[in-house]
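Listed below are the residues making up each chain.
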Amino acid sequence: MAAPRDEAGMSAYLSNETRKWQERAREVANRLVRPLAAKYDRLQEYPWEIKEGLAAAGLTGVWIPREYGGAGGSILDLCVIVEELSKACGGVGVLFAVNALGSFPLIVGGTEEQKKRYLPLIARGEKLVAFGLSEKYAGSDAGGMRMRAIESGKHYILNGEKKWNTNGGAADLYTVFAVTDPTSRSRRISAFIVEKGTPGFKIGKVEDKMGIRCVPVVELEFDDCRVPAENLLGGKAGFGFKHAMMTLDRARPGVAAQGVGLAAGALEFAQVYANRRIQFGAKISSFQMIQQMLADMAMKVEAARQLVYASAWAVENDAPDTTKMAAMAKCFATDVAMEVTANAVQIFGGYGFMRDYPIEKYMRDAKITQIYEGTNQVQRMVIARNLIKEVGQLTHLESYIPVETQRGVNPEDLVAAEAVGQSS
Ligand code: CAA
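None of the values given here were measured: they were computed from a predicted structure.

Engineer: Tell me about the packing of helix α4 (residues 75-88) against helix α7 (residues 240-274), and name the residues and values.
Structural biologist: Two numbers describe how α4 lies on α7: the axes approach to 7 Å, and their chain directions differ by 35°. In this structure, α4 meets α7 at a crossing whose hand is right-handed. Counted together, I75, C79, V82, E83, S86 and K87 of α4 and R250, P253, G254, A257, Q258, V260, G261, L262, A264, G265 and E268 of α7 form the full contact between these two elements. Partitioning the contact of α4 with α7 into residue classes produces eight nonpolar, five polar and four charged.

Right under this line is the structure:
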């Protein structure tokens, strides 16, 4: 029997290596994740048995270079795995992907020694890792953080709090961002690798969440926490914000893949249910209104998937438009996830609203993807800033756009006049 289009057709675009990861992740998702998804959603507990299964299948550390004990896979390999896991459970998708988010600062900014010390442990799945950037009063404005790190001999003393730490509590390692130079604008922040159990570091409030309930989201508290100076990321202070932004560029295609997985998973359930549910003496899949919904859902899932692949390629190849591509994929795919999962609930009708049906969980899990790793408002801002920067390469179009003349008006004065108008 021919495989569905997204399995056979889409795979044609992927290398054999990437297809191998995709198939392996699909097998784990169907054997281990799907049967346990509802249980851990209800319990809101970390699914250690799933984590062990991911490690046993060799999926942990696919994104880590071979020289540091990883599989040396690409961002696309990471994305296809996240998609497959998220099709079965959005929580497990992020439970897996957040280890990439937490280890990317080491990969992009760590010293050789730091990489050798920590990455092999993460690659083997022996150590889980989390990423500590946000604070209660610094979410979208990540640079506005207040947590402090003060140099003291061979240590840095960390004081403050972090918010929205996904994987916190389960993780053994934390890449934590703190202010080292409050007087500097561009070199204000540095990153540290903090190990679980370091005196003065503890897990605070554990959040009770709408979705992704199997993965913990917590507050981190630092009270005169002494971190060895060799755990300053990259061995140099002041590069934390840059490393955070470079990390997010690499990680956002993974959130986009989570969105695609959630949308694709919900669509598959909607296809099956619409073809089973009988109303007015016919399968509801024969009704044109349902058909239109299914068709629109399928088009959007496919478009989002293609953008994930394109953004993964951009990151992997260090393309000049990497930041924009990563933001576009994250924003588009997670908006699609929200729309498609909500429409899947609609197709299930009243049953879709019920907890004993599998579909409402997709909608709950999808919501956070529009918020974390940069809200979709921040993504649109990043995209627009990059579009404006690109204008410098489009000067050859200027001569095709007429410039109107009006007596007494110099077009060059208008910008200043407008700015004065705005500020008054
Ligand atoms: N790569 C490298 N450097 C970058 C960069 C990038 N993509 N983007 C910005 N920078 C550099 C700039 O070049 C600039 O450097 P200089 O000072 O040397 O010139 C510096 O960073 C500051 O840049 P901006 O002026 O653009 O910074 P900004 O304050 O205006 O903020 C922002 C930019 C895009 C809004 C950023 O703050 C941002 O991405 N906010 C969202 C934060 C976010 O995504 N948080 C998610 C937390 S993680 C999470 O959610 C985890 C989870 O639970 C799973």
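Engineer: Can you tell me about a nonpolar patch on the surface, naming the residues and giving the values?
Structural biologist: On the surface, V391, L394, L397, Y400 and I401 cluster together into a nonpolar patch covering about 520 Å² of accessible area. Within the element layout of this structure, L397 appears in the loop between α11 (376-390) and α12 (411-423). Assessed through its relative accessible area of 40%, L397 is described here as partly exposed.

Engineer: Go over unusual backbone geometry with me, naming the residues and quoting the values.
Structural biologist: One non-glycine residue, F280, adopts positive backbone phi at about 50°. As for its position among the elements, F280 is in the loop between β8 (278-279) and β9 (282-283). Classification of F280 as exposed rests on a relative accessible area of 80%. One non-glycine residue, D318, lies in positive phi territory at about 50°. Residue classification places D318 among the exposed residues on the basis of a relative accessible area of 66%.

Engineer: Quick one: what's the story with the site of the ligand, residue by residue and with numbers?
Structural biologist: Around the ligand sit 27 residues, and of these S140, T166, D249, R252 and E373 come closest. In the model, a nitrogen atom of the ligand is placed 2.8 Å from a nitrogen or oxygen of the S140 main chain. The contact in question runs from an oxygen atom of the ligand to an N or O atom on the side chain of T166, over 2.6 Å. Taken by itself the ligand offers 1,100 Å² of open surface, and the protein chains cover 74% of this. Among the secondary structure elements, those contributing two or more residues to the shell around the ligand are β3 (155-166), α7 and α11. Grouping the constituent residues of the shell around the ligand by class yields 13 nonpolar, seven polar and seven charged.

Rules used throughout
- Residues numbered from 1 in each chain as written.
- Predicted model: local features only at pLDDT ≥ 70, side-chain atom pairs only at ≥ 80, totals over all residues.
- Heavy atoms only, no water.
- Axes fitted to C-alpha atoms, helices over the stretch in contact; angles between N-to-C directions.
- Helix = DSSP H or I, 4+ residues; strand = E, 2+ residues; numbered from the N terminus.
- Left-handed = near helix turned anticlockwise from the far one by under 90°.
- Contact = heavy atoms within 4.5 Å.
- Nonpolar A, V, L, I, M, F, W, Y, C, P; charged D, E, K, R; others polar.
- Patch = residues over 30% accessible without salt bridge, like charges linked within 9 Å, V, L, I, M, F, W, Y side chains within 5 Å.
- Areas by Shrake-Rupley, 256 points an atom, 1.4 Å probe, with all protein chains shown as cover.
- Salt bridge = Lys/Arg side-chain N within 4 Å of Asp/Glu carboxyl O.
- Buried < 20%, exposed > 50% of the residue type's maximum accessible area, 1.4 Å probe, protein only.
- Near = heavy atom within 4 Å.
- Polar contact = N/O pair within 3.5 Å; in protein donor to acceptor, adjacent residues only side chain to side chain.

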